[in-house]
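Here's the letter readout for the chains.
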Amino acid sequence: MDWALRSCGWHGHYTYEPDEQDLADRLRVETVAGAAWRCLRCGTFVPGEPVGSGPADHAPEVPRGRLLRDRWLMRALAIERMSRGLVLVVAAVAVLKFRSSRQTMRAAFDQDLPLLRPFADQIGWDIDQSRIVHLIVEAFSLSNTTLLWTAIGIFGYAGLQMVEAIGLWLVRRWGEYFAVVATSLFLPLEIYELTEKVTALRVGALVVNIAAVVWLLYSKRLFGLRGGGTAYHAEHSAESVLSVERSALAAGTDR
């Protein structure tokens, strides 16, 4: 898949006219439709006036190649984190709702449970040994204070997920660091949950989180890995069309 062409198809090409005449000549060609400028993202020559202009050093940072693919992956991870955060918000609201109407729910539960016994006996379901029923009974026994702090904790976790999602979606350096730290803090808890019971959902969540941490650390050169931020920005700059054309121009001048 050509990530650059897909991005240009969605957002449009980005052309730029640098003030440096020799560099501008390398980014412009004459066609029967007039001057065409090279897109800084996909490299296609686009007829018409350039979108931006000014000194080459002031040109916006337009990701391309592997860096553009990484941006798509980060935003996919951001969507997953935001979805998880919204689910947690719903769960926290449900806890508060349960806390405010627990007595009514308990009365309805005690009234309806005996009605389920004949049906449960027919399908071979032992209600008295049911884990779901036990969890519901334990929930009814929790104090209002415990339920309140549970909701606050869920809201806090949801907030972490949403902040992480925003940082990743905006492709900010702080968002990458925040994602690695926040995700790593909860890995021991996820591993502990697997020791209690192995489910496909828990395994899947753990695999996604470990993969996200490893990928961010390696590809974004976080915490000084592989040269750190300096090497990351140098790599980003080296892949830009302007940097490539500058290098080609300098090489031609040296000859």
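All values reported here derive from a predicted model rather than from experimental measurement. (Residues numbered from 1 in each chain as written. Predicted model: local features only at pLDDT ≥ 70, side-chain atom pairs only at ≥ 80, totals over all residues. Heavy atoms only, no water.)

J.: Would you take a moment to explain the packing of aromatic side chains for this structure?
T.: In this description, an aromatic ring pair is defined by two values, namely the gap between the centres and the angle between the planes. Under the defined criterion, the tally for this structure stands at three aromatic pairs. Ring centres of Trp 10 and Trp 72 lie 5.0 Å apart, and the angle between their planes is 55°; on these two criteria the pair is classed as tilted. Of this pair, Trp 10 sits in helix α1 (residues 3-11) while Trp 72 sits in helix α3 (residues 66-100), and the two are 62 residues apart along the sequence. The class of Trp 10 is exposed, set by a relative accessible area of 59%. Given the relative accessible area of 22%, Trp 72 is considered partly exposed. A centroid spacing of 4.5 Å and a plane angle of 40° characterise the contact between Tyr 157 and Phe 186, whose relative ring orientation is tilted. (Phe/Tyr/Trp six-rings, centres within 6.5 Å; stacked < 30°, edge-to-face > 60°. Helix = DSSP H or I, 4+ residues; strand = E, 2+ residues; numbered from the N terminus. Buried < 20%, exposed > 50% of the residue type's maximum accessible area, 1.4 Å probe, protein only.)

J.: Can you help me understand the pairing of strand β2 (residues 28-31) in this one?
T.: Every other side chain in a regular strand lies on the same face of the sheet, so the side chains alternate between the two faces. Alignment of β2 against strand β3 (residues 34-38), held across four bridges, turns out to be antiparallel. Bridging across to β3, Val 29 finds its partner in Ala 36. (Pairing = 2+ DSSP bridges.)

J.: Sorry, what's going on with the pattern of salt bridges here?
T.: Between side chains of opposite charge, a pair can form as their charged atoms come close. Enumeration according to the criterion identifies eight salt bridges in this entry. A salt bridge links Arg 69 to Asp 70; the shortest N-O distance between them is 3.1 Å. A relative accessible area of 32% places Arg 69 in the partly exposed class. Notably, a salt bridge pairs Glu 80 with Arg 84, separated by 2.7 Å at the nearest N-O pair. A residue pair is termed a helical-turn pair when its members lie 3 or 4 positions apart in one helix, as Glu 80 and Arg 84 do in helix α3 at four residues. Taken together, the shared-partner salt bridges connect Glu 80, Arg 81, Arg 84 and Glu 164 into one network. (Salt bridge = Lys/Arg side-chain N within 4 Å of Asp/Glu carboxyl O.)

J.: Would you mind showing me how to read the packing of α3 against helix α8 (residues 200-219) here?
T.: Between two packed helices, what matters for the description is the angle formed by their axes and the separation of those axes. Close contact between α3 and α8 brings their axes to 12 Å; oriented N to C, the two are set at 145°. When the axes of α3 and α8 are compared, the crossing they make is left-handed. In this structure, α3 contributes Arg 66, Asp 70, Leu 73, Met 74, Leu 77, Arg 81 and Arg 84 to the contact, and α8 contributes Asn 209, Ala 212, Trp 215, Leu 216 and Ser 219. When the residues that make up the contact of α3 with α8 are grouped by side-chain class, the tally is six nonpolar, two polar and four charged. (Axes fitted to C-alpha atoms, helices over the stretch in contact; angles between N-to-C directions. Left-handed = near helix turned anticlockwise from the far one by under 90°. Contact = heavy atoms within 4.5 Å. Nonpolar A, V, L, I, M, F, W, Y, C, P; charged D, E, K, R; others polar.)

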